[in-house]
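What the coordinates show
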Amino acid sequence: MDIAFIIEKLILISAILGISLVIAMYTTLAERKFAGFFQDRVGPNRAGPWGLLQPLADGVKLFTKEEIIPTHASTFLFVLGPSLSMFTACITTAVIPWGQDLFLFGRQISLQVADINVGVLYVFGVVSLGVYGVMIGGWASNNKFSLLAAVRSASQNISYEIAMGLSIIALLMMTGTLSLREISEQQSGMNWNVFYQPLGFLIFMICSFAETNRTPFDLPECETELVGGHHTEYSSMKLGFYLFAEYINMFVSSAIMASLYFGGYNYPFMHLISNPNIAALIGVAVFFTKILLFIFFFIWVRWTVPRFRYDQLMKLGWKVLIPLAIVNIALTGTGILIFGK
Amino acid sequence: MNSLTNRKKVLESKQMNFWERIYLPAIINGLSITMKHFFKKRTTVYYPEEKRSFSENFRGLHSLKRDENGAERCTACGLCALSCPAEAITMTAAERKPGEEHLYREEKYASVYEINMLRCIFCGFCEEACPKAAIYLDGDIAKAGYIRDEFIFGKDKLTEPVIK
Ligand code: SF4
Ligand code: SF4
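Definitions and limits used
- For every chain, the first residue of its written sequence is number 1, and the numbers climb from 1 along that sequence.
- Labels follow written order: the first chain is A, the first ligand is 1, and so on.
- Side-chain atom pairs in this predicted model are given and counted only at pLDDT of 80 or more, local residue features only at pLDDT of at least 70, and totals for whole chains, interfaces and linings cover all residues.
- Hydrogens and water molecules were not included; the side-chain quantities draw on all heavy atoms of the structure.
- Under the scheme used here, helices are H or I runs from DSSP no shorter than 4 residues and strands are E runs no shorter than 2 residues, and both carry numbers assigned from the N terminus.
- Each polar contact in these results corresponds to two N or O atoms within 3.5 Å; when the atoms are within protein, one needs to be able to donate a hydrogen and the other to accept it, and residues that are neighboring in sequence are counted only if both atoms are side-chain atoms.
- In this description, contact between two residues means that some pair of their heavy atoms is separated by no more than 4.5 Å.
- Distances are taken per atom, and a residue is near a molecule or strand as soon as one of its heavy atoms is within 4 Å of it.
- Both site types are read off a 1 Å grid over the protein atoms alone. A 1.4 Å probe that fits but cannot get out defines a cavity, while an open set with protein on both sides within 12 Å along at least five of seven lines defines a pocket; lining residues have an atom within 4 Å of a point.
- Assignment to a cavity or pocket requires that more than half of a molecule's atoms be within 2 Å of the site's grid points.
- Under the scheme applied here, ten amino acids are nonpolar (Ala, Val, Leu, Ile, Met, Phe, Trp, Tyr, Cys and Pro), four are charged (Asp, Glu, Lys and Arg), and all others, including Gly, are polar.
- Strands were regarded as paired on the criterion that DSSP finds at least two bridges between them.
- Axis definition: a line fitted to C-alpha atoms, limited for helices to the stretch in contact. Angles are taken between N-to-C directions and run from 0 to 180 degrees.
- Orientation labels follow simple angle bins: below 35 degrees gives roughly parallel, above 145 gives roughly antiparallel, 65 to 115 gives roughly perpendicular, and whatever is left gives oblique.
- In a left-handed crossing the near helix is turned counterclockwise from the far helix by less than a right angle, and in a right-handed crossing that turn is clockwise.
- What makes a nonpolar core is a set of buried Ala, Val, Leu, Ile, Met, Phe, Trp, Tyr and Cys residues whose side-chain atoms join them at distances within 4.5 Å.
- Note on classification: 1.4 Å probe, protein chains only; a residue is buried when its accessible area is under 20% of the maximum for its type, exposed when over 50%, partly exposed between these limits.
- Nonpolar side chains (Val, Leu, Ile, Met, Phe, Trp, Tyr) within 5 Å and like charges within 9 Å form the patches, drawn only from residues with over 30% relative accessible area and no salt bridge.
- Computed by Shrake-Rupley with a 1.4 Å probe, the accessible areas treat only the displayed protein chains as cover when residues are assessed.
- What counts as a salt bridge is simple: a side-chain nitrogen of Lys or Arg found within 4 Å of a carboxyl oxygen of Asp or Glu.
- Under the convention used throughout, the expected extent of a helix is 1.5 Å for every residue step, that is, one less than its residue count.
- Scored between 0 and 100, pLDDT is the confidence that the predictor attaches to each residue.
- By convention, the term buried area covers the 1.4 Å-probe accessible surface removed from two parts as they join, with the contributions of both added.

This next bit is on the side chain of Lys238(A). Residues and elements named next belong to chain A. Structurally, lysine 238 can be placed in helix H10 (residues 236–261). Separated by 2.4 Å, the side chains of lysine 238 and glutamate 67 make a polar contact. When residues no more than four places from it in sequence are discounted, the contact partners of lysine 238 are Glu67, Ile69, Phe78, Val79 and Pro82.

Okay, here's the thing in structure tokens:
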């Protein structure tokens with residue numbers, strides 16, 4: 001373990017953390033802007049040119065608000081909830097391959113914090129941890145609405161994780177690896193997995209919407225029934241963390257969808273660029289474009305589709321997506337048997 | 001049973017067909033509709049920078065008019081206050097001193113004239129009641145404020161500036 005390696009990883013980690021925070025910050029603005037556009041409005045435009053400083057203003061506002069911890073709440077868990085949400089949202093980025101290796105100062109620098117061979121499993125582990133933030137927060141608030149939201153989000157996440165895992169299995173049967181880097185590398189050029197696994201991708205995407213608590217599956221914070229849902233009792237930056245974690249989750253799941261199904265950092269005619277550094281940098285840009293497109297899609301869907309009823313949600317998860325995912329596995333297996341990929 | 005009106009509509013709840021039940025066509029349709037709106041021209045008027053023109057009979061803030069010599073027309077008859085349904089107008093009358101003919105047109109004038117803009121409903125009855133054509137609601141929209149006192153408009157705010 002040499003010093004250069006540690007420095008290289010530290011820089012990479014800070015850069016990724018910084019980028020994901022900034023992107024999440026500006027996703028909040030994009031969400032409000034685009035919401036305006038979809039509804040023939042202009043969205044926030046007062047803070048800075050075109051409202052570009054709005055996220056800063058929101059941040060300052062949230063930080064300076066009064067911090068309220070209800071008397072009957074369990075203080076430790078009450079604080080733990082949003083922290084856990086934020087923490088789990090941030091650590092998933094560790095296994096995402098952001099680009100091909102760079103060759104700088106005579107070193108081969110990998111643009112991935114940790115290339116663990118069970119990357120997909122790690123992502124799943126962290127995603128299922130994510131629900132604890134909402135659950136603990138909702139439980140600790142000592143408020144019936146928060147508790148209901150916590151119960152809802154727990155059962156929702158568990159239901160959709162199954163379908164998500166099953167849809168991934170079909171993908172793993174094709175790729176034969178759990179490492180996100182290898183999966184990305186296999187999709188070089190236009191050899192993207194989505195063309196072989198359209199059904200799997202659809203299931204995975206629907207489940208990602210459910211896992212990130214986005215509309216049409218945002219039942220844990222369903223205002224019409226549950227006041228504010230799990231963050232009813234939260235104020236100040238603790239509320240901010242919950243809201244912010246949602247946007248980081250959105251970023252992360254976009255990144256995962258892009259790298260699993262949409263070729264990650266690969267783009268057509270990549271092999272024609274002789275300089276590996278330039279090819280890699282273009283790859284990073286392409287990857288981020290894909291991520292931003294997915295984020296846009298998340299926002300687009302949010303301002304189009306109304307929320308599901310809770311029983312519809314459960315029915316969709318258990319009676320539609322899980323059987324579909326199993327059918328998809330069978331289809332993939334048959335395909336592999338016949339075409340031998 | 002016959003319905004009393006012929007507007008009765010019998011609703012039948014149909015079973016959703018296959019395409020409706022998988023939601024996706026409906027969702028894609030919805031997405032295309034919202035996308036159309038995304039690129040539509042916005043109708044927003046950027047208010048403080050950009051103002052829509054008022055209609056001809058718009059009733060805005062009041063102004064106390066002057067006659068062609070620059071003297072105040074109001075004679076403190078109190079008809080406006082009497083006709084005001086919101087009781088927003090109060091005034092104190094005073095007698096014109098010799099040598100003030102250029103300031104006040106009539107022998108009696110309003111030394112204090114106040115309209116409480118929080119009470120006023122901008123009905124325009126004061127304008128209609130005035131026998132001297134002294135008050136018109138031809139101003140701008142009433143401004144917002146933080147203190148109630150700011151909304152009591154005295155003569156300093158109401159009287160038209162002298163045209164030189
Ligand atoms: S506009 Fe109507 S409410 Fe306002 S002061 Fe005149 S009479 Fe009163
Ligand atoms: S504004 Fe007109 S109605 Fe009101 S007191 Fe003056 S003269 Fe009379």
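On to the site of ligand 1. Residue and element names in this part refer to chain B. The environment of ligand 1 is formed by 13 residues, the closest being Cys84, Cys120, Cys123, Gly124 and Cys126. Taking a 2 Å distance to the grid points as the criterion, the majority of the atoms of ligand 1 fall inside the second largest cavity. Along the lines of polarity and charge, the residues of the shell around ligand 1 split into 11 nonpolar, 2 polar and no charged.

All names here are of chain B. Direction of pairing for strand E2 (residues 89–95) relative to strand E3 (residues 108–116): antiparallel, over a ladder of 7 bridges. Residue pairing in the sheet places glutamate 95 in a bridge with lysine 108 of E3. Pairing between E3 and strand E5 (residues 152–153): 2 bridges, direction antiparallel. Looking at E5, one finds that isoleucine 115 is bridged to phenylalanine 153.

Here we take up the packing of helix H1 (residues 3–38) of chain A against helix H2 (residues 54–64) of chain A. Residues and elements named next belong to chain A. Between H1 and H2, the shortest axis-to-axis distance is 8 Å and the interhelical angle comes to 110°. Taken together, the axes of H1 and H2 lie roughly perpendicular to each other. Handedness of the H1/H2 crossing: right-handed. Between H1, through Met25, Tyr26, Thr28, Leu29 and Arg32, and H2, the contact on the second element is made entirely by Gln54, Pro55, Leu56 and Asp58. Tallied by class, residues from the contact of H1 with H2 come to 5 nonpolar, 2 polar and 2 charged.

Now for the nonpolar core. All names here are of chain A. If you look at the biggest cluster of nonpolar residues, it comprises 81 residues, and the most contacted ones within it are Trp98, Tyr160, Phe217, Leu260 and Ile291. Among the elements that line this core, the one with the most residues is helix H11 (residues 276–302), at 14 residues. If we skip the residues at most four places from it in the chain, tryptophan 98 touches Ile16, Thr93, Leu111, Phe251, Tyr265, Val284, Phe287, Phe288 and Ile291.

Residues and elements named next belong to chain A. As for its placement among the helices and strands, valine 284 is situated in helix H11. Each C-alpha atom of the pair valine 284 and tyrosine 265 lies 5.8 Å from the other, and the pair is 19 residues apart in sequence. Those residues in contact with valine 284 that lie beyond four places of it in its chain are Trp98, Gly99 and Leu111.

Taken together, the side chains of Val22(A), Tyr26(A), Trp50(A), Leu52(A), Leu53(A) and Leu56(A) define a hydrophobic patch exposed on the protein surface, amounting to about 590 Å² of accessible area. The residue Leu52(A) is located in the loop between H1 and H2 in this model.

As a structural note, the neighbourhood of ligand 2 is formed by Cys74(B), Thr75(B), Ala76(B), Cys77(B), Gly78(B), Leu79(B), Cys80(B), Met91(B), Tyr113(B), Cys130(B), Pro131(B) and Lys132(B). Of the residues contributing to the shell around ligand 2, the split by class is 9 nonpolar, 2 polar and 1 charged.

Moving on, we get to helix H4 (residues 119–140) of chain A. Residues and elements named next belong to chain A. For H4, which comprises 22 residues, the first-to-last C-alpha distance of 32 Å matches the rise-based estimate of 32 Å (1.5 Å per residue) to within 8%. Every buried residue belonging to H4 is among Gly119, Val120, Val123, Phe124, Val126, Val131, Gly133, Val134, Ile136, Gly137, Gly138 and Ala140, and all of these are buried. On its buried side, H4 packs onto helix H3 (75–91), helix H5 (144–175), helix H6 (180–186) and H10. The positive-phi residue at the C-terminal boundary of H4 is asparagine 142, with phi of around 60°.

Next up on the list: the environment of Pro268(A). With respect to the helices, strands and loops of the structure, Pro268(A) is situated in the loop between H10 and H11. The spatial distance from the C-alpha of Pro268(A) to the C-alpha of Asn191(A) is 8.9 Å, given a sequence separation of 77 residues.

Here we take up the environment of Phe5(A). By the secondary structure assignment, Phe5(A) is in helix H1. Taking C-alpha positions, Phe5(A) is 51 Å from Asp40(A), a pair spaced 35 residues apart along the chain.

The next subject is the sheet that holds E2(B). Ordered by their spatial adjacency, 3 strands build an open sheet running E2-E3-E5 (chain B), and the pairing between neighbours is antiparallel. For this open sheet the edge positions go to E2 and E5 of chain B, each flanked by a neighbour on one side alone.

Moving on, we come to the confidence of the model for chain B. Residues and elements named next belong to chain B. Confidence along chain B averages 86 in pLDDT terms, with 98% of residues attaining 70 or more. Between the elements of chain B, mean pLDDT differs from a low of 78, seen in helix H1 (residues 18–21), to a high of 92, seen in helix H3 (residues 79–83). Scored as a whole, the predicted complex attains pTM 0.79, and scored at its interfaces, ipTM 0.73.

What follows concerns the interface of chain B and chain A. In this assembly, 16 residues from chain B lie in contact with 19 residues from chain A. Summed over both sides, the interface of chain B with chain A buries roughly 1,500 Å², with 69% coming from carbon and sulfur. The largest share of the area that chain B buries against chain A comes from Leu31(B), Phe38(B) and Arg42(B), three residues that together contribute 37% of it. Between Glu49(B) and Arg46(A) there is a salt bridge, with the nearest N and O atoms lying 2.8 Å from each other. The tally of links from chain B across to chain A stands at 6 residue pairs in polar contact (both at pLDDT 80 or more). A class-by-class count of the residues in the side of chain B that touches chain A yields 8 nonpolar, 5 polar and 3 charged.

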